[in-house]
Structure formats: structure tokens, C-alpha cells
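Observations on chain architecture
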Amino acid sequence: MSNRPIILGIVGDSAAGKTTLTKGIAQVLGEENVTVICTDDYHRYDRTQRAEIGITALHPDCNYLDIMQQHLSLLRTGQPILKPVYSHKTGTFEAPLYIKPNKYVVVEGLLGYSTRAARDAYDVKVYLAPPESLRASWKVRRDTAKRGYSKEQVLAELEKREPDSEEFIRPQRQWADVVVSFYPPSDATDGDNPLLNVRLVLRPTIPHPELTQIINPSNPKLTRAVRLELDRDMGKPVDALEVDSHATSEQVQELEHLMCNEMPNLKSVCDRDSNPELGKLVGTTGEIIQSNPLALTQLLITYHMLKAPQIRQ
Ligand SMILES: Nc1ncnc2c1ncn2[C@@H]1O[C@H](COP(=O)(O)OP(=O)(O)OP(=O)(O)O)[C@@H](O)[C@H]1O
Ligand SMILES: O=C(CO)[C@H](O)[C@H](O)COP(=O)(O)O
């Protein structure tokens, strides 16, 4: 089918930032063009049952991965699904939802790359890997504010989940085309809420924008806060692009133009005036923060979504 939806996967551990990044991408692509699927809806057991059985939500046996896989295959060919619904508010299941895929589908969750058939459904695969200490602080803040847990409960849950994180979640990093790690700068002074840098691991599994100009020493202005280097990730050679939080808008825009000039469709996205939400984040006290590393991450992923129709079989 030539005009099937383009499917983006965003996988990572709990509170790694999947929903936050998904919202940013959907905003850039136009909410009306995007169907968002959270794979938490494929949990096999509700919260009480999980506690009784002594299984964590991260374990493959705790999820209907076969049904998730079937649904991904249906969405890939543009067909509708009847999706289960899990509520984080109540910890129980609600009535299923009829979902017809839009032009773009973003599938975010814990175990999206855990089977070969599921992995085959995506056009672009992203894995989120913040440092564990940052993820823990995000999880404490989010679960106490929005999911009705105490700080002690969240910390105990993180400890209980660690073996499953190690066995089932983190190995999925190897399947990603892009690994995104937001991290605090080494000289961060802003308590637990510093503006974050980003490191983007670019695997040669999809064609990335031509960015080698960045490592050209004739452009030293760009190399300070924006760096591209050759590296290894899980033993395999990769490019690693780093953008510091103090990169100026001018520096970031130079990088953006390298991407945007290659992709005519992306030009309208790159225009900050028509996309004022690019890189915007809600801070701890509800304040709006502008993050250039986030803006660039959103743009790179959007680049791949827009480019996917040109390279799909
Ligand atoms: N790029 C970021 N910069 C700053 N804070 C972030 C960023 N991404 C996520 N956070 C913080 O981390 C919290 C958890 O993020 P989010 O809800 O997106 O995680 P998730 O991976 O979708 O979690 P879950 O799988 O448990 O639903 C957010 O409420 C936000 O406070
Ligand atoms: O890791 C998670 C992903 O969001 C959740 O904790 C998991 O979905 C279980 O949900 P709950 O915390 O509501 O019991």
C-alpha cells in the first residue's frame, strides 16, 4: 500500500520522557495528522493483579505483546484497531477504543521493540536513555504529582523493577535508529531542574541528514556547543551528535538549516515563527522553558518521519 501511515516508535523505561517527546513531535507534525498509541494499554494485568502475582509491568509476560504486534501490523497497512485502554489514574482497564490511523502513527511504550515482528512495523525507531538518576527523579516527580504514589512507593517500585529493566527494557536500545539521551551539564547549578544537554546516537540503519560540516574545523563557532563525533554504541560504530543547553539559537539554527535545506517539506517546520512550540517544555513549577536541545531532537525525528516515504519499500 503506497500511502500507508508512517510509524514512529519511541521506546524506553518508565519516565524516560516518551510521552513528553511524543507530544512535541505530534505538535510539530500537526496533532490532526498524528495517532498516538501508548503500549501501556496492552498490559495483561491491572495494578491489583500485578501486585498479587508479584510481576512488574516491564515483564513481557505482563503484556499482550502478541496483540500489540498484531495491532502494529494492522496500523502499518492503514487498518483500524480496537485498542484496549489502561488508566494510570485508576490502575484498571476501561472500554476499548476504535482507532483509525492518521498519516503518522507514534507508538510509545516500554516493550515496543521486544519482538522481531513488532520491530518490523516501524519506519523510524527511537530509544530514550536518560541517565538513571535523572529518570528516577523524573519518575518520582511525575508519579507523585499525577499517578497518586508517594515518593517512598516510587523509589521502592524502581528498585523492584531494576532486574526487569536490565533484562527486558535496556537491551532494546540496540534496535533503535536514534538513541536520545537528555543529561544535565557537568557544571549544572540549578538544583534538580537544570536545562539539559542532549546526546543523539545516530545508527547507520537509516540515512541521517548530512551533518559532517559540523565537524569541519573551519566552522569553530558551531563546534563548541554542537558536536558530532564517531563513537561506538553497544559495540557498533555510530555518529554521536551532542547539543549543549547553552548553545545559542544562532548555533542551533545553523544546524537546523543543514537539515531543513535537505528536506523541502521540513522548511515550514524549521520556521520558528510558524512553530513557536518547537523545543518548549513545562518546567517543575508550570513555567514554560525553551530548550534548544529538545527543539533539535524534535526536528531530527520529524526529518526522519517526513523522509520515510522516500525510503520505504
Ligand atoms: N526532555 C525533558 N526535559 C525535561 N524534563 C523531562 C523531559 N522528558 C521528560 N521529562 C520529565 O519527566 C517526566 C516523565 O516523562 P514522561 O511522562 O514523558 O515519561 P514516559 O517515558 O512517557 O513515562 P511512562 O512510560 O512511565 O508513562 C515528565 O513529567 C517531565 O517532568
Ligand atoms: O511503567 C509504567 C509505564 O507508564 C507504569 O508504571 C505501568 O504502566 C504500570 O502502571 P501503574 O503505575 O499505573 O500501575
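Each remark here, short or long, concerns the structure printed above.
Residues numbered from 1 in each chain as written. Chains lettered and ligands numbered in written order. Predicted model: local features only at pLDDT ≥ 70, side-chain atom pairs only at ≥ 80, totals over all residues.

Observations concerning the site of ligand 1
To be explicit about the condition: Nearness between a residue and a molecule or strand is assessed with a C-beta atom placed from the backbone; a distance within 6 Å qualifies. Secondary structure elements follow DSSP: runs of H or I no shorter than four residues count as helices, runs of E no shorter than two count as strands, and numbering proceeds from the N terminus. Gly falls in the polar group here, along with every residue not listed as nonpolar (Ala, Val, Leu, Ile, Met, Phe, Trp, Tyr, Cys, Pro) or charged (Asp, Glu, Lys, Arg). Just so you know, the domain bounds were taken from an automatic or database domain assignment.
Residues in contact with ligand 1 amount to 15 residues; listed here are only the nearest, Gly17, Lys18, Thr19, Thr20 and Trp138. Residue assignment for the shell around ligand 1 shows that the elements contributing at least two residues are α1 (18–29) and α5 (132–146). Residue classes in the shell around ligand 1 are distributed as seven nonpolar, five polar and three charged. Three or more residues apiece are contributed to the shell around ligand 1 by two domains, here domain 1 (1–126) and domain 2 (177–313).

Concerning unusual backbone geometry
Note the following rule: Three exposure classes are used, all based on how many other C-beta atoms lie within 10 Å of a residue's own C-beta (placed from the backbone): buried at 20 or more, exposed at 12 or fewer, and partly exposed between those limits.
One non-glycine residue, Ala15, lies in positive phi territory at about 65 degrees. Note on Ala15: 22 C-beta atoms within 10 Å, which makes it buried. With a phi close to 50 degrees, Met234 is a non-glycine residue in the positive phi region. Within the secondary structure layout, Met234 lies in the loop between β9 (226–233) and β10 (236–243).

Topic: the sheet that holds strand β1 (residues 6–12)
To keep it simple, the criterion reads: Two strands make a pair as long as DSSP finds a minimum of two bridges between them. The axes are straight lines fitted to the C-alpha atoms, using for helices just the contacting stretch, and the angles between their N-to-C directions are given from 0 to 180°.
Spatially, the eight strands line up as an open sheet ordered β2-β5-β1-β6-β7-β8-β10-β9, and their pairing is mixed. Each edge of the open sheet carries a strand with a single partner, namely β2 (34–38) and β9. For this sheet, the mean inter-axis angle between neighbouring strands, taken without regard to orientation, is 20 degrees.

Examining the environment of Ile288
To be explicit about the condition: We call two residues in contact whenever the C-beta atoms placed from their backbones are within 7 Å.
Assignment of secondary structure puts Ile288 in strand β12 (residues 288–290). For Ile288, a count of 9 C-beta atoms within 10 Å translates into the label exposed. Separated by 22 residues in sequence, Ile288 and Leu266 place their C-alpha atoms 25 Å apart. Sequence-distant contacts of Ile288, defined by excluding residues within four places in its chain, comprise Lys280 and Val282.

Describing helix α10 (residues 292–311)
Note the following rule: Expected span, for any helix, means 1.5 Å times one less than how many residues it has.
The end-to-end C-alpha separation of α10 is 28 Å, in line with the 28 Å expected for 20 residues at 1.5 Å each. Along α10, 15 of the 20 residues are buried, which leaves the element largely enclosed by surrounding structure.

Some points on the environment of Ala240
Here Ala240 is to be found in strand β10. Using a count of 17 C-beta atoms within 10 Å as the deciding quantity, one classes Ala240 as partly exposed. Separated by 41 residues in sequence, Ala240 and Arg199 have C-alpha atoms that sit 6.7 Å apart. Those residues within four positions of Ala240 in sequence are excluded, and the remaining contacts are Arg199, Val201, Glu229 and Asp231.

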